[in-house]
Amino acid sequence: MSQHLNINTMIQTVLHQAASRDKSDHGWLKSFHTFSFGTQYNPQRINFGALRVLNDDWVSGGQGFGEHPHDNMEIISIPLEGALQHEDSMGNMAVIESGEIQVMSAGTGIYHKEFNRDKGQPVQFLQIWLFPNQRNVTPRYQQLRYDGLMKLNQFTQILSPDQNDDGVWIYQDAWFNIGKFEQGTSSDYPLKNKGNGLYVFILSGSAQVAGQTLQERDGFGVWNTDSVHIDITTDAQILLMEVPMKF
């Protein structure tokens, strides 16, 4: 982990390069952990504000996670390739595909299981956990397709705290955006809330974010700023996660 403080602007940043992530290999599951997860503990890599878990998971054909519990956590799944079969104790049974986002507000407690419904190819997805701003809420489930809303060289909002806003909603003052960009384009992301930070995750390609060069699967957190500038250095797909730094 590297951290940089700009005395003039007070912007603070933290870099988590792809190769620095912890890795778990269970044969059927290969998982890269940006933050401490399970038995892999790093006191300097616990969270970025309310962002607690960012796992980059690959699940073999026909395999998956057996039934297990969660509580008082906002759990987001974003398939990047393939499809996940989801079942939970609320009675939800659904398939989550690439181009969709799923959220569970675990609240007072929920059991669920997920598995790769295709026996012939792996499924690749992001598993993201955020600390909620309300505890012990009634558990809820939501799923949304967003890829049809995307426009080239623009970010598309896929998550917010507002039920009436674009994307799914969660119990936290957080906003997620995703976008595909061509080399040579640029974008500015204005943060919604003072005191929030922005965590940038490069899904593919490369970019410069606030002057920092990032490659595929690098993560970069920026805070103490009102806006973040992004220059696309090769064709890229990028996920932005704006989260409270104090919660």
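All of the points below concern the structure found in this document. (Residues numbered from 1 in each chain as written. Predicted model: local features only at pLDDT ≥ 70, side-chain atom pairs only at ≥ 80, totals over all residues. Heavy atoms only, no water.)

### Here's the deal with the sheet that holds strand S10 (residues 100-105)
- Spatially, the seven strands line up as an open sheet ordered S3-S4-S5-S12-S7-S10-S13, and their pairing is antiparallel. Edge positions in the sheet fall to strand S3 (22-25) and strand S13 (140-145), since each of these pairs with one other strand and no more. On average, each strand axis in the sheet is inclined to that of its neighbour by 15°, with strand direction left out of account.
- Direction of pairing for S3 relative to strand S4 (residues 29-33): antiparallel, over a ladder of four bridges. The residue of S4 that forms the bridge with Ser24 is Ser31. (Pairing = 2+ DSSP bridges. Helix = DSSP H or I, 4+ residues; strand = E, 2+ residues; numbered from the N terminus. Axes fitted to C-alpha atoms, helices over the stretch in contact; angles between N-to-C directions.)

### A few points about the pairing of strand S20 (residues 219-223)
- Burial of S20 is extensive: five of the five residues sit out of reach of the surface.
- Neither face of S20 is open: one carries Gly219, Gly221 and Trp223, the other Phe220 and Val222, and all of them are buried.
- Bridge count for strand S2 (residues 12-16) against S20 is five bridges, and the pairing is antiparallel. Bridge pairing in S20 links Val14 to Gly221.
- Summarising the sheet, strand S18 (residues 196-209) and S20 pair through four bridges and their orientation is antiparallel. Each bridged residue has a counterpart across the sheet, and for Tyr199 the counterpart in S20 is Gly221. (Buried < 20%, exposed > 50% of the residue type's maximum accessible area, 1.4 Å probe, protein only.)

### A word on the pairing of S10
- The buried fraction of S10 amounts to six of the six residues, a majority that puts the element mostly inside the structure.
- Burial of S10 is two-sided: the residues Glu100, Gln102 and Met104 facing one way and the residues Ile101, Val103 and Ser105 facing the other way are all buried.
- When strand S7 (residues 74-81) meets S10, the two strands line up antiparallel, connected through four bridges. Paired with Glu74 across the strands is Ser105, a residue of S10.

### Notes on the nonpolar core
- By size, the foremost hydrophobic cluster in this structure holds 30 residues, and its most contacted members are Leu51, Ile76, Ile78, Ile128, Leu130, Leu239 and Met241.
- At the level of secondary structure, the elements contributing two or more residues to this core comprise strand S5 (51-59), S7, S10, strand S12 (123-130), strand S14 (154-160), strand S16 (175-181), S18 and strand S21 (227-244).
- What Leu51 contacts, discounting residues up to four positions off in sequence, is Phe35, Ile128, Trp129, Leu130, Tyr199, Met241 and Val243.
- With 20 residues, the next largest nonpolar core counts Leu198, Phe220, Ala236 and Leu240 among its residues. (Core = buried A, V, L, I, M, F, W, Y, C linked by side-chain atoms within 4.5 Å. Contact = heavy atoms within 4.5 Å.)

### Let's talk about the sheet that holds strand S8 (residues 83-88)
- Read from one edge of the open sheet, four strands run S6-S11-S8-S9, paired in antiparallel fashion. Single-partner strands in this sheet number two, and they are strand S6 (64-70) and strand S9 (93-97). Across this sheet, the average inter-strand angle for adjacent strands is 20°, counted without regard to direction.
- Inspection of the sheet shows S8 paired to S9 by five bridges, in the antiparallel sense. Bridging across to S9, Glu87 finds its partner in Met93.

### Observations regarding the packing of aromatic side chains
- One pass over the full model with this rule turns up nine aromatic pairs.
- Consider the rings of Trp28 and Phe65, whose centres lie 5.4 Å apart with planes at 75°: the pair is edge-to-face. Taken together, the residues Trp28 in the loop between S3 and S4 and Phe65 in strand S6 connect sequence positions 37 residues apart.
- Here the aromatic rings of Phe48 and Trp223 are separated by 5.7 Å at their centres, their planes lie at 75°, and the arrangement is edge-to-face. Placement of Phe48 in the loop between S4 and S5 and of Trp223 in strand S20 is noted, with a sequence separation of 175 residues between them. The same class applies to Phe48 and to Trp223, which are both buried.
- In this structure, Arg140 is placed above the aromatic ring of Trp169, and the distance from its NZ or CZ to the ring centre is 3.7 Å. (Phe/Tyr/Trp six-rings, centres within 6.5 Å; stacked < 30°, edge-to-face > 60°. Lys NZ or Arg CZ within 6 Å of the ring centre and 35° of its normal.)

### A look at the environment of Tyr199
- Note that Tyr199 resides in strand S18.
- Distance in space between the C-alpha atoms of Tyr199 and Thr13 is 9.4 Å, their sequence separation being 186 residues.
- When neighbours within four sequence positions are excluded, Tyr199 is seen to be in contact with His16, Thr34, Phe35, Phe48, Leu51, Leu54, Gly219, Phe220, Gly221, Leu239, Leu240 and Met241.
- Reaching out from Tyr199, the side chain makes a polar contact with the side chain of His16 at a distance of 2.8 Å. (Polar contact = N/O pair within 3.5 Å; in protein donor to acceptor, adjacent residues only side chain to side chain.)

### Comments concerning the pattern of salt bridges
- Inspection of the entire model under this criterion finds seven salt bridges.
- The salt bridge partner of Glu100 is Arg145, with a shortest N-O separation of 4.0 Å. One end of the pair, Glu100, is in strand S10; the other, Arg145, is in strand S13, and 45 residues separate them in sequence.
- When the shortest N-O distance is used, the salt bridge between Arg145 and Asp147 registers 2.8 Å.
- We classify Arg145 as partly exposed; its relative accessible area is 35%.
- The network of salt bridges with shared partners includes Glu97, Glu100, Arg145 and Asp147. (Salt bridge = Lys/Arg side-chain N within 4 Å of Asp/Glu carboxyl O.)

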